[in-house]
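Residue strings, one per chain:
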Amino acid sequence: MKKTIFRLLTAAFFCITGVFQSVNAAELPKIIERDGRHALTVDGKPYLLLAAQTNNSANYPAALPDVWPVVEQMHANTLVIPVAWEQVEPDEGEFDFSFVDTLIKQAREKEVRLVLLWFATWKNNAPHYAPSWVKLDNRRFPRVKTEDGKTLNSLSPHHRSTLEADKKAFVQLMRHLKKVDRQRTVIMVQVQNEVGTYGSARDYSDAAQKVFQQPVPQKLLDNTGKKPGNWREVFGKDADEFFHAWHIGRFVDEIAEAGKQEYPLPMYVNVALRNPYHPGEPGQYSSGGATDNVIHIWKAAAPHIDMISPDIYFRDHKTATRVMDLYAREDNPLYIAEIGNDQPYVRYFFDAMGHGALGFAPFGMDNTKYSNFPLGAETMDEKVIKPFADLYRVFGAMGSEWAEISLNHRTWGFSEPVDTFAPDKELWNARGSDGEEKTEKDPEDYTQRQNLGDWSAEITYGRPAFWIDPPKGNNPASGGAVIAELGKNEYLVVGYHARVSFSPSKELEGEQFTFDRVEEGHFNDGEWVFERVWNGDQTDWGLNFIYRPHVLKVKLATYEID
Ligand code: DGJ
C-alpha cells in the first residue's frame, strides 16, 4: 500500500513538473528589429529562411515522398507547405491534425523546419480550401456581391459567422502545434493565402453597404492623418478598395491575434501583387489584399501580422526588383513568400539579400509532376533545381551568420538587369510583366554602380574573368552579387556569374587604392574561417564569380605616393 501511494505521488510530481514531456521547449521563433533592419530568430539565433514551397495540394502524407527529395537537392533548410481548413475540420467541430503530425515527424527526421500556410477563408481570393460545410452554405457564410448584384466566389469579410468559424479552426491548429512542437519545427505561419477578391473592388451586399456608410474607424484616421467622415467622404475614389482592404485586414488580424494567444509564432500574409508600373483597377488584381497601394491600410488594420510578403511572378528585372523596394520597409521585413521557380527568377535572390530579406521561397519545388508554367518552370528537373542549390549551399553554410550580418550592417544586392527570356514574350506581357527581348545593348546596360560610402562598387555581367572586355551580359541573364559592409574599408561579397570591382568614391577621390587583402573563406559557429587569399588573376580584373558563388572578405586600402 505504502509503495502504491509513493508511486502515485511520484507520478503526480512528474506530471506537474512536466518531466514526462521528454523534450525541453526550445526558444520561440521571433522577428526582431534593429534600426530598421530585421531578422527571424530560431532557437534564439538569427535564421535565414532558405525555403522551398510545394505546389498546392501537396498537403497530404501521400505527396510528401515527392517533396523531400527536392528540398534536399536544393539544400533548403525550410519547407513551406499548406495546411487546409478542409482537411483539419472536415465536419464542423471535429478536428484531425494527423497530416500536421506526419509532416512534423518527417521534417524532424530530415532536419528541415516548416512554415505552414493556413488555406482557409481565402486561397487566391476563393474559399476553395474551406470545408464543404462552409463553402456550400452561402447563407451562413455569404460571398461578396458586385455592384450590379452578381455573387462572386470570394467570401465576404463582413460576417462574424465566417470569421468565428475560421478563427475557431485556426486556434485549434495553433493549440495543437503548441502541444506537439516543443522543438519549434514549425517556425512561422502564413494566415490565409493571397486574400482579396477578383472581379470587384469590394463587397456591395446590403450588409457591406451599411458598414460602408458608417464613419471610418478612428485608428485608420489616425494612421492616415484624415478627417472624420464615411468611407467615400474620407477616401474618395480609393474608398472601395481601402474599405475592402481594411475589413479583410481586420478579419485576418483577429484570426492571427487569437492564434497567437494560443501559441505566438511569427505570422504573415502573402500578396497577389498588382503590377507596380501598370496596376489596372482593383478587382482586375486581387482587391483588398495588401497590394503596394494599401500597405499602410493593412499596417493599421493588422498589427498582429508581423509582415506583408510579396509573391513575385514578374520575370523581368525592373518589376521584380521594384516589388522588393516597395515591400522592404522599416515597418515591414522583406520575406519573399513565393517566387517563380524558373531560371530568370533565381538571380533575384541577391536583390532579396541586399534588401535584408528574412528569406526566399521559390514556389512549386516538388516532384508532384505539376507545373504552374507560365508563372514558373515548364518541368521540374535538375536544371531548375541546380541554380537554387548553388546559392542555397553557400548561404546555407552561413545562414545564421548572414542573418546576423544583415540585421546589423548595410547590405546591397544586385542582379543582372537585362532580361534575356525570349519565349512566349506575348504571354508574359499579357500577364503584366515588363520583359523585353535582348536587342543591341550598350556595355552600360550591363553595368550597375553603387555608392557604398568611401567606396563605390561596380557590378558587370557577361565578360571573361580575365581581361577588360566590356560586359555583354550572360545568356540567359543569371548574374548577381551581394555586398555587406562589415566595417571601415571591409566588405563581405558573394557573387555568381558577375564581376564586382571597387574604386574610391567621391570621399576618397584621387587617392591611390588597392585591394589590401581578399580572403576566400566560410563561417563556422559565427567565426570566419580563412581558406585562401585571392590575388593575381583572381583580383587583377576585379572579383570574378563564375560557375559557383564564393564568399569573399574584401579589405580595401588607399596609399600615398611621393
Ligand atoms: C500564388 C498562390 O499563392 C499559390 O498558392 C499558387 O496558386 C500560385 N499563385 C500559382 O501557382
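Quick caveat: nothing in here was measured; it's all calculated off a predicted structure. (Residues numbered from 1 in each chain as written. Predicted model: local features only at pLDDT ≥ 70, side-chain atom pairs only at ≥ 80, totals over all residues. Heavy atoms only, no water.)

**Concerning the sheet that holds strand 18 (residues 490–496)**
- One open sheet holds the 6 strands; their spatial order is 14-17-18-23-20-21, and the pairing between them is antiparallel. The open sheet terminates on both sides in strands that have one partner only, identified here as strand 14 (411–415) and strand 21 (527–533). Across the sheet, the axes of successive neighbouring strands diverge by a mean angle of 30°, strand direction being ignored.
- Where strand 20 (residues 512–524) lies against strand 21, 6 bridges are found, and the strand directions are antiparallel. Across the sheet, the residue bridging to Asn 524 is Glu 527, located in strand 21.
- Taken strand by strand, helix 16 (residues 399–408) contacts strand 14, strand 17 (480–487), strand 18 and strand 20, and its axis lies near 65° from that of strand 17. (Pairing = 2+ DSSP bridges. Helix = DSSP H or I, 4+ residues; strand = E, 2+ residues; numbered from the N terminus. Axes fitted to C-alpha atoms, helices over the stretch in contact; angles between N-to-C directions. Contact = heavy atoms within 4.5 Å.)

**A closer look at the sheet that holds strand 2 (residues 37–42)**
- Pairing within the open sheet is antiparallel, and its 3 strands lie in the order 1-2-3. Two strands in the sheet have a free side with no partner beyond their single neighbour: strand 1 (30–34) and strand 3 (45–47). This sheet shows a mean twist of 50° between the axes of neighbouring strands, independent of strand direction.
- By the bridge criterion, 3 bridges tie strand 2 to strand 3 in an arrangement that is antiparallel. Across the sheet, Val 42 pairs through a bridge with Lys 45, a residue of strand 3.
- Along the sheet, helix 16 makes contact with strand 1, strand 2 and strand 3, crossing strand 2 at roughly 150°.

**A word on the pattern of salt bridges**
- Enumeration according to the criterion identifies 29 salt bridges in this entry.
- The partner of Arg 329 in a salt bridge is Asp 331, and the shortest N-O contact between them spans 2.8 Å.
- Residues participating in the shared-partner salt-bridge network are Arg 160, Glu 164, Lys 167 and Glu 254. (Salt bridge = Lys/Arg side-chain N within 4 Å of Asp/Glu carboxyl O.)

**A few points about empty space enclosed by the protein**
- Scanning the entire structure with this criterion turns up 2 cavities of 30 Å³ or more.
- Its boundaries defined by the atoms lining it, the largest cavity holds a volume of some 60 Å³.
- Every residue lining the largest cavity is listed: Asn 55, Asn 341, Phe 363, Gly 364, Tyr 370, Ser 371, Asn 372, Ala 377, Thr 379 and Met 380.
- Counted by class, the lining of the largest cavity contains 4 nonpolar, 6 polar and no charged residues. (1 Å grid on protein atoms, 1.4 Å probe; cavity = no way out; pocket = protein on both sides within 12 Å on 5 of 7 lines; lining within 4 Å. Points joined across faces, edges and corners; volume = space filled by probe spheres on them. Nonpolar A, V, L, I, M, F, W, Y, C, P; charged D, E, K, R; others polar.)

**Remarks on the site of the ligand**
- The local shell around the ligand consists of Asn 56, Lys 123, Asn 124, Asn 193, Glu 194, Asn 270, Asp 311, Tyr 313, Glu 338, Phe 363, Asn 372 and Leu 375.
- In this structure, Asn 56 approaches the ligand through a side-chain N or O atom, which is 3.0 Å from an oxygen atom.
- Contacts to the ligand include Asn 372, whose side-chain N or O atom sits 2.9 Å from an oxygen atom.
- Burial of the ligand by the surrounding chains reaches 88%, relative to a free accessible area of 300 Å².
- For the shell around the ligand, the per-class residue count stands at 3 nonpolar, 5 polar and 4 charged. (Near = heavy atom within 4 Å. Polar contact = N/O pair within 3.5 Å; in protein donor to acceptor, adjacent residues only side chain to side chain. Areas by Shrake-Rupley, 256 points an atom, 1.4 Å probe, with all protein chains shown as cover.)

**Focus on the packing of aromatic side chains**
- By the definition in use, this model includes 25 aromatic pairs.
- Seen from their ring centres, Phe 95 and Phe 97 are 6.1 Å apart, and the 5° between their planes marks the pair as stacked.
- What makes Phe 95 partly exposed here is its relative accessible area of 26%.
- Chaining the aromatic ring pairs together yields one cluster made of Phe 349, Phe 350, Phe 360, Tyr 392, Phe 395 and Trp 402. (Phe/Tyr/Trp six-rings, centres within 6.5 Å; stacked < 30°, edge-to-face > 60°. Buried < 20%, exposed > 50% of the residue type's maximum accessible area, 1.4 Å probe, protein only.)

**A word on the domain arrangement of the protein chain**
- Segmentation of the protein chain into domains returns domain 1 (9–137 + 155–203 + 239–396) and domain 2 (425–559).
- Centre-to-centre, using C-alpha coordinates, domain 1 lies 32 Å away from domain 2.
- Of the residues lining the interface, 23 residues belong to domain 1; the matching set on domain 2 comes to 21 residues.
- The contact between domain 1 and domain 2 buries some 1,700 Å² in all, and 64% of this surface belongs to carbon and sulfur atoms.
- The largest contributions to the domain 1 side of the interface with domain 2 come from Arg 347, Phe 350 and Pro 374, which together make up 30% of the buried area.
- In this assembly, domain 1 and domain 2 are joined by 0 salt bridges.
- Summed over the shared surface of domain 1 and domain 2, the number is 2 residue pairs in polar contact (both at pLDDT 80 or more).
- Looking at the side of domain 1 that touches domain 2, the elements with two or more residues in it are helix 12 (317–327), helix 14 (348–354) and helix 15 (382–396). (Domains from an automatic or database assignment. Buried area = accessible area lost by both parts, 1.4 Å probe.)

**Section: unusual backbone geometry**
- Between Phe 373 and the following residue, Pro 374, the backbone shows a cis peptide bond with an omega angle of 15°.
- Along the polypeptide, Pro 374 turns up in the loop between strand 13 (359–362) and helix 15.
- Between Asn 475 and the following residue, Pro 476, the backbone shows a cis peptide bond with an omega angle of 5°.
- Within the secondary structure, Pro 476 sits in the loop between strand 16 (455–460) and strand 17.

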